[in-house]
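# Notes for the structure review
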Amino acid sequence: MLLPKSWLEKYVTLEGDTREIADEITESGNHVESIMLRSKGLSGIVVGKILKIEPHPNADKLVVCQVDIGGGVVKQILTAAPNVFEGATVPVALDGAKLAGGVEIHDTTMRGLPSEGMMCSLEEVGMDQSVVPKASRDGIHILEGDVEPGTDYIQLLELDKEVIELEITPNRPDCLSIRGMAVETAASTDSVLSMDDAVVDENSDVEMKDKFNGLHVETEFAPRFYLRMLTDVVVEPSPQWLQNDLMAAGVRPINNIVDLTNYVMLEYGQPLHAYDLDALEGPEIHVRLAKEGETMETLDGNEHTLSKDDIVIADNGGIIGLAGVMGGAISGVQEGTHTVVLEGANFDAGHIRKTSKRQAIRSEASTRFEKGLDPNRAKEAVDRVCELAVEIGAAKVAKGSFDHYPEELKPWIVDAEVDRINALLGTDISGEEMARILESLLIETELDEGTLHATIPTFRGDLHIWEDLAEEVGRIYGFGNIEPIPLKGTLTRGGKSPYRRIEKKAQELLLAAGFNEFMTYSFMGPSAFDRIRLKEDDPLRDAVKISNPLGEEFSIMRTTLLPNMLDIFVKNMSYKNPSAYGFEFGNVFTVDKDAEGLPKEFMKLAIGFYGDDDFYFLKETIATLLSRLGIDGLRFVQTQSFPLFHKGRQAEVFIHDESVGIFGCIHPKAQDDLGLKQPVYLAELDFSKIVEHVKDDVTYKPIARFPSMERDLAFILDKKLPAQDLLDFVEERGGELLESVDVFDVYFGKGIEEGKKSIALKLEFRHPDRTLKEEEITTTVDELISGIEEHFHARLRSK
């Protein structure tokens, strides 16, 4: 935002250097990006009045002008500018004058005639072409009004007053205005602020309701819509002071009516629009949502196709404006306009932001509306235009107005304790001083026994809690003025949570076992479920859908880690890598909602590989991992429930009686479908459940000082009996001396009858305090043999 100092001084009595003022503005939270002095490098330019124009006798395109430059001095100046005329008031660069770009002017001779100086265009005094009025764009700058010849041109245009460029934060739309920054500047510099409300003189004999048929607001997204009427309008160039302010703020003057709406928009931060009454059909105005596919042409000459979410302004003939963004090409003020309807409105910020983005239009209006404006500013700004229109003689004001304002926004009260603010800021500011600071920001404040009762004006939509008031006090008092003090309180040492420590330990164990860690996206496509052969009614298919996906293959949140891991192995085999071992810790998501209404998520651990190892290596990896995490009660139960895995090579993992995962070798059919040249082994464990069973109080036993005794037992039993059942039986009845039991062989085939298998167990016994004797374990082994034979209908094959 550009803040001309000349305009600012109309509201604030400023003293001191502009750079010092800018520093104080920055320290109070409104960052000053630069300070521009437009008169830099300019000198020797005065106002002149063209008394007489004659053609050049030796040049068709040149004319000879006699120019009064004040003090009875008349200069002969030659020019080719097409817009000069007798009586015109123009800038004159005299002999020795300096212009923009380091150009120096000297008296010269042109086609045999002397030229004593040069009449200047606005570009030649450093103005950007974007702010040059159309009438002066291709010629000399023609000044408005009766200006005394000899007047210093630089001072007349206030080019010697700096322009401050500001970066305004999104939560302060009130600062996107001259009045808003005047309040901030006065408070920051402790200067005198002078601002009066507009006074409307309804000096026309016309009643607005007699000329205008009505306002119809048909959407809830226009909470305020205010209209007034100007009559007896004379469209002409604006007074020079008005043009000066607009150009300094970066806006091109057009005509007095349009300039007034732009001037007040910059002054109040409230976008406005002026309609030619004769161009309105009805004449009446409707505010509604657009119909899908409707089109309109905006003031910039571009045609736009609208969405049903765009707010539009329409008359009985169609759309005349894209609300909060840009007016239409039809209803704008023209040279022959005699009656004008002024609009000051308030629109839903979200709708304006989306419309501006959708239609690729960024305007001064949309920039302000999308940040959320005070609806009370709409009336204030329109009334100000009316006041100025009467003041400069541009129009008269009709009696009456139209105002749609069903829910008035009123000031609200925020209470704050003085001691609490001081404790937060680390200051010792008195309650009276705090009240004074808030009052300087136009926040009416009462101090009552250590409590501030602040009435928040409606233009400060960023103030709602006591901490907001503390921030206002702190920034105006000056954060740099707060004395630094040492930190107080108990400092805690940072560290990982127990959950993360367990995850880290598991990660280290798997890395030590030769696995690499994988990381994949948290989203995938529905086709992933087909790759792992899930049934149509499988609960894992019930996934959270992404509302704005990057594509079909990234349209849902994952419910399992297996498809992504399988894709990694498919890619590695396609690269002809002979083996790959990996694991991934990753969150999966469910459609069930948590307390905040968000999808629940929990961590799973996937382990997988292909290469020289087999199903039993994966089983041993899982067992070792969980054992090293301090988990007991581990069991593996054969299952055939997961369709991705081979029915004879899959097992479910239990900790005590709770299922925590599944593992297996992928089905040959899935292997062929994916083009895999060798089996892939995968496991998916619910790490959230595993963590609940981890024991932190792990104790270590000393290395045994006495030898163990081993016994090998082989039994023939039913082929379908899980080996785990046999192990559980032995562990339960093996007694205190049994140290371990493991399966070391499973045999089918020759010598074993159909429907049977042989399972060989290795039992290890040890006494902690002495060497065992043979007879101490013989009874236990015999009891185990008879128990297994009876309980499992087994037959001892060897011992």
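Residue numbers restart at each chain and count upward from 1, following the sequence in its written direction. Where local features are concerned, this predicted model is filtered to residues with pLDDT of at least 70; where side-chain atom pairs are given and counted, the filter is 80 or more; whole-chain, interface and lining totals use all residues. Excluded from the side-chain calculation are hydrogens and water; included are all heavy atoms of the structure.

A tally of regular secondary structure across the protein chain gives 21 helices and 40 strands. Radius of gyration: over C-alpha atoms. The globule rule applied is 2.2 Å multiplied by the number of residues raised to the 0.38 power. For 799 residues, the compact-globule formula gives about 28 Å, and the C-alpha radius of gyration of the protein chain, at 43 Å, lies well above that figure. The dimensions of the protein chain, computed from C-alpha atoms along their principal axes, are 140 × 65 × 60 Å. For the exposure calls, accessible area comes from a 1.4 Å probe over protein chains only, and a residue counts as buried if that area is under 20% of its type's maximum, exposed if over 50%, partly exposed in between. Going through the 799 residues of the protein chain one by one, you find that 49% of them count as buried. Working rule for contacts: check all heavy atoms of both residues, and any pair within 4.5 Å makes them a contact. Contacts in the protein chain between residues at least 24 apart in sequence constitute 69% of all its contacts with a sequence separation of at least 6. Using a 1.4 Å probe, accessible areas were evaluated by the Shrake-Rupley method; residue-level cover was limited to the displayed protein chains. Surface exposure of the protein chain reaches about 40,000 Å², of which carbon and sulfur atoms provide 48%. Counted as positive: Lys and Arg. Counted as negative: Asp and Glu, with His and the chain ends omitted from the count. Charged groups are reduced to one reference atom each: NZ for lysine, CZ for arginine, CG for aspartic acid, CD for glutamic acid. Of note, the protein chain has its 84 positive side-chain charges centred 10 Å away from the centre of its 141 negative side-chain charges. The numbering of helices and of strands both runs from the N terminus, where a helix is a DSSP run of H or I of at least 4 residues and a strand a run of E of at least 2.

Before going further, it helps to spend a moment on the packing of aromatic side chains. In summary, the pairing rule links any two rings of Phe, Tyr or Trp, Trp by its six-membered ring, whose centres are within 6.5 Å, and it sorts them by plane angle into stacked for under 30 degrees, edge-to-face for over 60 and tilted for everything else. Counting across every chain of the model gives 25 aromatic pairs. On the numbers, 5.9 Å between centres and 80° between planes, the contact of Phe583 with Phe585 is edge-to-face. With respect to burial, Phe583 and Phe585 carry one shared label: buried. Consider the rings of Phe636 and Phe663, whose centres lie 5.6 Å apart with planes at 85°: the pair is edge-to-face.

Below, the discussion takes up the side chain of Asn346. In this structure, Asn346 sits in strand β22 (residues 340–346). Taking relative accessible area as the criterion, Asn346 reaches 5% and is therefore assigned buried. By the criterion applied in these results, polar contacts are pairs of N or O atoms within 3.5 Å in which, for protein atoms, one can donate a hydrogen and the other can accept it, and in which residues neighboring in sequence qualify only through two side-chain atoms. For Asn346, the side chain forms a polar contact with the main-chain oxygen of Leu373, separated by 3.0 Å. For Asn346, the residues in contact, after removing those within four places along its chain, are Phe221, Ala222, Pro223, Arg224, Phe369, Leu373, Asp374 and Pro375.

Before going further, it helps to examine the environment of Arg541. With respect to the helices and strands, the residue Arg541 is situated in the loop between α15 (527–531) and β30 (556–557). Sequence separation between Arg541 and Ala135 is 406 residues; the distance between their C-alpha atoms is 69 Å. Residue contacts for Arg541: discarding those within four places in its chain leaves Pro526, Phe529, Asp530, Leu534, Lys535 and Glu536. Only 2.8 Å separates the side chain of Arg541 from the side chain of Asp530, close enough to count as a polar contact. A polar contact of 2.9 Å, which involves the side chain of Arg541, links it to the backbone oxygen of Leu534.

A few words on the sheet that holds strand β39 (residues 756–765). Ordered by their spatial adjacency, four strands build an open sheet running β38-β39-β37-β40, and the pairing between neighbours is antiparallel. Pairing within the sheet leaves two strands with one partner each, and these edge strands are β38 (738–747) and β40 (795–798). Neighbouring strand axes in the sheet, compared pairwise and without regard to direction, differ in orientation by 30° on average. By the bridge criterion, three bridges tie strand β37 (residues 709–718) to β40 in an arrangement that is antiparallel. Its bridge partner being in β40, Ile716 is matched across the sheet by Arg795. Only strands joined by at least two bridges in the DSSP assignment are considered to pair. The axes used here are C-alpha line fits, helices contributing only the stretch in contact, and every angle between their N-to-C directions lies in the interval 0 to 180 degrees.

Moving on, we get to a negative patch on the surface. A surface patch of like charges, here negative, comprises Asp17, Glu20, Asp23, Glu24 and Glu27. Positionally, Glu24 belongs in helix α2 (residues 18–27). The patches described consist of residues with a relative accessible area above 30% and no salt bridge, like charges being joined within 9 Å and nonpolar side chains (Val, Leu, Ile, Met, Phe, Trp, Tyr) within 5 Å. In the sections that follow, a salt bridge refers to a side-chain nitrogen of Lys or Arg positioned within 4 Å of a carboxyl oxygen of Asp or Glu.

This part covers the sheet that holds strand β13 (residues 214–217). As summarised here, the arrangement of the five strands in space is β13-β16-β19-β20-β21, forming an open sheet in which the pairing is mixed. The sheet is open, and its two edges are formed by β13 and β21 (326–327), each paired on a single side.

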